[in-house]
Amino acid sequence: MIFLKTEDEIELLRQSNLLVGKTLAEVAKLVKPGVTTRELDKVAEEFIRDHGAIPTFKGFPNQYGEPFPASLCTSVNDQVVHGIPNDIVLKDGDIVSVDCGTYMNGFCGDSAYTFCVGEVDEEVRNLLKVTKEALYIGIQNAVQGKRIGDIGYAIQQYCESHSYGVVREFVGHGIGKEMHEDPQVPNYGKRGYGPLMKRGLCIAIEPMITLGDRQVIMERDGWTVRTRDRKCAAHFEHTVAVGAGEADILSSFKFIEEVLGDKAI
């Protein structure tokens with residue numbers, strides 16, 4: 001069932017999502033060679049809890065195994081989504097996609113950003129650039145009167161025009177009092193197909209794009225998803241509220257990009 005949000009509920013969603021953006025900015029301060037993703041996770045969880053919120057991901061149930069053990073999903077290089085923070089040291093030239101969720105005042109926040117670790121190959125930086133651009137192209141289609149398929153079509157066409165793979169198995173989603181609500185929001189699709197979008201619909205749009213083939217596999221931990229061909233993947237995500245004219249972006253990359261400066265994607 002799709003739940004449309006009131007203006008007051010959208011403002012509560014905005015608060016949760018802005019906290020996600022500020023949390024990712026704290027992570028951005030630390031991303032460099034020699035740091036572990038477990039260290040990033042520790043800082044993020046402390047920051048979220050210090051601001052009166054709960055990390056939504058921690059303890060999230062899993063039909064394939066144990067609940068998620070951390071506050072961030074940290075997916076390195078060929079890992080697409082749901083990477084578990086660990087003690088492996090990030091190296092110069094790596095990329096790390098950091099997905100973060102919060103729960104505050106009864107509503108969820110959800111956003112993701114892919115960071116460069118030190119100096120990254122131009123080919124990989126371009127993957128990140130196109131994936132981020134595709135996110136905003138998708139958001140341009142999140143307007144009243146269009147359909148969910150319009151978002152996926154726009155993202156798919158843009159990424160495939162750059163010869164990148166568009167992951168099918170994992171998609172965006174509705175968001176509100178629960179982190180995952182209806183409808184699903186694929187990063188592929190047909191124009192004019194799927195649920196009709198109405199004002200007050202809140203969704204997380206999150207392109208997951210691969211440098212090579214779009215095929216993915218799940219690791220034995222039951223969470224981490226990586227590319228089958230072991231080529232890099234990028235992931236950017238915003239939570240938005242569908243509007244009559246244009247979408248209202250409830251999350252923010254502003255805080256991240258203030259930290260990164262001219263190193264931002």
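Residues numbered from 1 in each chain as written. Predicted model: local features only at pLDDT ≥ 70, side-chain atom pairs only at ≥ 80, totals over all residues. Heavy atoms only, no water.

In the annotation of an unreviewed UniProt entry, the protein chain is listed under the name Methionine aminopeptidase and assigned to Bacteroides finegoldii CL09T03C10. In its Catalytic activity (unreviewed entry) section, the UniProt entry covering the protein chain states "Release of N-terminal amino acids, preferentially methionine, from peptides and arylamides." A UniProt comment under Subunit (unreviewed entry) is attached to the protein chain, and it reads "Monomer." (UniProt positions renumbered as here; feature names shortened; annotations may be inferred.)

**Focus: the side chain of Ser252**
One can find Ser252 in the loop between strand S15 (248–249) and helix H5 (254–260). At a separation of 3.0 Å, a polar atom in the side chain of Ser252 contacts the main-chain amide nitrogen of Lys254. (Helix = DSSP H or I, 4+ residues; strand = E, 2+ residues; numbered from the N terminus. Polar contact = N/O pair within 3.5 Å; in protein donor to acceptor, adjacent residues only side chain to side chain.)

**Notes on the sheet that holds strand S3 (residues 79–81)**
What links the strands of a sheet is backbone hydrogen bonding, and the strands pair in either a parallel or an antiparallel sense. Taken in spatial order, the 3 strands of this open sheet run S3-S12-S11, and their pairing is antiparallel. Looking at the sheet topology across the chains shown, the edges are occupied by S3 and strand S11 (216–218). The mean inter-strand angle of the sheet, taken between neighbouring strand axes irrespective of direction, is 40°. In terms of strand pairing, S11 meets strand S12 (residues 225–227) through 3 bridges, oriented antiparallel. Paired with Ile217 across the two strands is Arg226, which belongs to S12. (Pairing = 2+ DSSP bridges. Axes fitted to C-alpha atoms, helices over the stretch in contact; angles between N-to-C directions.)

**Some details on the environment of Leu12**
Secondary-structure assignment places Leu12 in helix H1 (residues 7–28). Residues Leu12 and Asn105, 93 residues apart in the sequence, show an inter-C-alpha distance of 6.7 Å. Contacts of Leu12, omitting those with residues within four sequence positions, involve Asn105 and Phe107. (Contact = heavy atoms within 4.5 Å.)

**Topic: the UniProt feature "binding site: substrate" (unreviewed entry) in the protein chain**
The UniProt record marks His82 and His180 with the feature "binding site: substrate" (unreviewed entry), using the residue numbering of this structure. Along the polypeptide, His82 turns up in the loop between S3 and strand S4 (95–104). When neighbours within four sequence positions are excluded, His82 is seen to be in contact with Phe68, Cys73, Ser75, Phe170, Trp223 and Thr224. For His180, the location among the structural elements is in the loop between strand S7 (172–174) and strand S8 (181–185). For His180, the contacting residues outside a window of four places in its chain are Phe60, His173 and Gly174.

**Quick word on the pairing of strand S5 (residues 107–116)**
Side-chain direction in a regular strand flips from residue to residue, so the side chains alternate between the two faces of the sheet. Most of S5 sits out of view: 10 of its 10 residues are buried. Summarising the sheet, S4 and S5 pair through 10 bridges and their orientation is antiparallel. Note on S5: the bridge partner recorded for Val96 is Phe115. Between S4 and S5, which pair antiparallel and follow one another directly, the connecting turn spans 2 residues, one of which, Asn105, has a positive phi of 55°. (Buried < 20%, exposed > 50% of the residue type's maximum accessible area, 1.4 Å probe, protein only.)

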